[in-house]
Structure formats: C-alpha cells, structure tokens
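Spelled out from the first residue to the last, the chains are:
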Amino acid sequence: MHELDVLARLGLVLARPAALILASPVMGGMYSPVTVRIGLAVILALTQVTVVTLPPVPDLPTLVTVMVHEVIIGTALAMSVRVLIAAAELGGQLSGTQMMLSYGSMVDPQSGVRNGVLATLYANLTIFVFFLINGHHALLRMVSESYRTLPMGTGSVSGSAVTSIIEMLGVVFVLGLRLAAPLIVVLLIVEFASGLLTRSAPSLDLMSLSTPVRLLAGLTAVSAVIPVFPGLVQRFVTVTTELGLQLAGAFR
C-alpha cells in the first residue's frame, strides 16, 4: 500500500475521536496538555480500528470532504457534554450576578474566558458528577455506536440539525435556571424585606447592610443547592446524550 494511502487512512480514523477529545471539556479541556489530548485521541482511535470500516482512499477533494464530515460528527458528540458545562456556567453566572460576585470574576482555565466564582464552581462540580456517574464511559460508547450508525463517507446535512441545536440551547437555559432559581428566590425575598425595612425605618443605613446580608443569604442558598446538584445534573445527562447523537445523526 502506498505511504500516502496509509497516512490518509490514519487521518480518517483519527478525525472523529480527535474532534471529540478537543471539543469535550471533560477529556480535552484547555487545561489539558497538548500531549495528553493527542495521546487520548490516538488511544481512542486505536480502540475503534476493529469496528471501523474504512472506505477506499478517494481523490483529494473527496478525502477532505470525508475528513470534515468526521470532524463535524465528533464535535456534535462532544456537544452532549459541553451543553451540561454551559448550563452549569449559566446557573453560576446568574447566581453570582444576584450575589454581586461578578466583580470578582476570574479567568476560567477550562474555557479561557472570564467566569464568576460560582460559574467555575458549578462547572467543576458538573465535571466531577459526570465522572462519578461514568459519563465518560457513555461518551466512549457513543463514539463506537456512531461508527455503526454513521459510517465514514461524505454525508449530507438534514434539517434536524437546527432542531437539535435549538433543543440543546433549551437544555442550557432550563438547567441553568433550575440551578439558579433557589438563590434568585431567596434574594428576591431579601430585597422585599429590605424594602419593607426601608419604608418602616428610613433612618437605617440599609445601603451598607444590604451587601453582607445578600452574601450571607446567597451563600446559604448555594449550600442548599450543592447537595441536590448531582441528582439534577444526572437527570440531564441522558437528555444531552440523546441530543448529541441526534445532532450527529443529522450529518449522516
């Protein structure tokens, strides 16, 4: 076999797992060294060699098209995890903004952008829960199953891709609001009580007292959310996994 044919086949096998590793914040986040990400992609590709049916090496334009198709499928599968992280970060951002913690935002090493303290905490908790419930095993099974249902080829895009993306955005907002709802309700009650005190005792300096009260009430609400956090994330893992497969299936 010609050396170029070997390299082309190797690239085809690596494309889907590499896209999954690079786009998934669980296995290939920005905090992971490049060598680790490359090694994971190679190992994952080698485990799929026995189940992958490689097409004959086509001409260069077709080869590029197949490679792009494989990368899109791998990225679509990784979206099942990224949706969970985005929802957790949204819940943390909403909670942190209500507690006035947005002033202390920091650079999140996972996403490389400025995230609030609670957004980073919620994202890390989501990753821990994902590993605890063996979500990474489900992700690996998704890759193996995708080669059976979505064999290598040029493929085409169906209209279901738009529906899947909309449903994923819906999961982000629903899960994010569920995570932030207890804190928002508690702080709304605090604001209502502060307004009543201001009306009944105008001489009180509530401007200097409101911030520590909001922080204390907010931290109490966060401490009540964390115990139910794993169960809430676990219920959405199945939903996001199905949406990831549905989105990948739109490129069959």
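Please read all numbers here as calculations on a predicted model, not as lab measurements. (Residues numbered from 1 in each chain as written. Predicted model: local features only at pLDDT ≥ 70, side-chain atom pairs only at ≥ 80, totals over all residues. Heavy atoms only, no water.)

*Asks:* Just checking my understanding: could you explain the environment of G96 for this structure?
*Replies:* Here G96 is to be found in helix 3 (residues 60-98). For G96, a relative accessible area of 8% translates into the label buried. Linking G96 and A119, residues 23 residues apart in sequence, is a C-alpha distance of 7.4 Å. (Helix = DSSP H or I, 4+ residues; strand = E, 2+ residues; numbered from the N terminus. Buried < 20%, exposed > 50% of the residue type's maximum accessible area, 1.4 Å probe, protein only.)

*Asks:* Teacher, can you tell me more about the nonpolar core here?
*Replies:* Membership of the largest hydrophobic core comes to 55 residues, with the highest contact counts inside it found for L20, L77, Y122, L175, L179 and F229. Counting only elements with at least two residues in this core, the list comes to helix 1 (3-23), helix 2 (34-47), helix 3, helix 4 (117-132), helix 5 (135-149), helix 6 (160-200), helix 7 (206-225) and helix 8 (229-249). Here the element with the most residues in this core is helix 3; it accounts for 11 residues. If we skip the residues at most four places from it in the chain, L179 touches A87, A88, G91, S95, Y122, V225, F229 and L232. (Core = buried A, V, L, I, M, F, W, Y, C linked by side-chain atoms within 4.5 Å. Contact = heavy atoms within 4.5 Å.)

*Asks:* Honestly, helix 8 in this entry has me stumped. Any pointers?
*Replies:* Given 3.6 residues to a turn, an α-helix orients residues that are three or four positions apart in the same direction. When the terminal C-alpha atoms of helix 8 are compared, their 30 Å separation across 21 residues agrees well with the 30 Å that a helix rising 1.5 Å per residue should span. Residue V237 marks the point of greatest curvature in helix 8, where the axis turns by about 25°. If you check which residues of helix 8 are buried, you get F229, L232, V233, F236, V237, T240, T241, L243, G244, L247, A248 and G249. (Expected span 1.5 Å × (residues − 1). Bend = angle between axes of the 7 residues up to and from the residue.)

*Asks:* Please clarify how the pattern of salt bridges should be interpreted in this entry.
*Replies:* When the charged atoms of two side chains lie near each other, side chains of opposite charge can form a pair. All told, the structure shown has two salt bridges when counted by the stated rule. The closest approach of N and O atoms between E70 and R16, which form a salt bridge, is 2.8 Å. Taken together, the positions of E70 in helix 3 and R16 in helix 1 put the pair 54 residues apart, joining distant regions of the chain. Accessibility assignment for this pair places E70 and R16 in one class, buried. (Salt bridge = Lys/Arg side-chain N within 4 Å of Asp/Glu carboxyl O.)

*Asks:* Looking at this structure, how should I read helix 2?
*Replies:* Helix length check: helix 2, at 14 residues, gives a terminal C-alpha distance of 20 Å against a target of 20 Å (1.5 Å per residue), a fit within 8%. Among the residues of helix 2, those classed as buried are R37, A41, L44 and A45. Projection of helix 2 onto a plane perpendicular to its axis shows the buried side chains occupying an angular sector of 100°, all on one side. Summarising the geometry of helix 2, the exposed residues directed more than 90 degrees from the buried face are T35, I43 and L46. (Arc of directions from axis to C-beta.)

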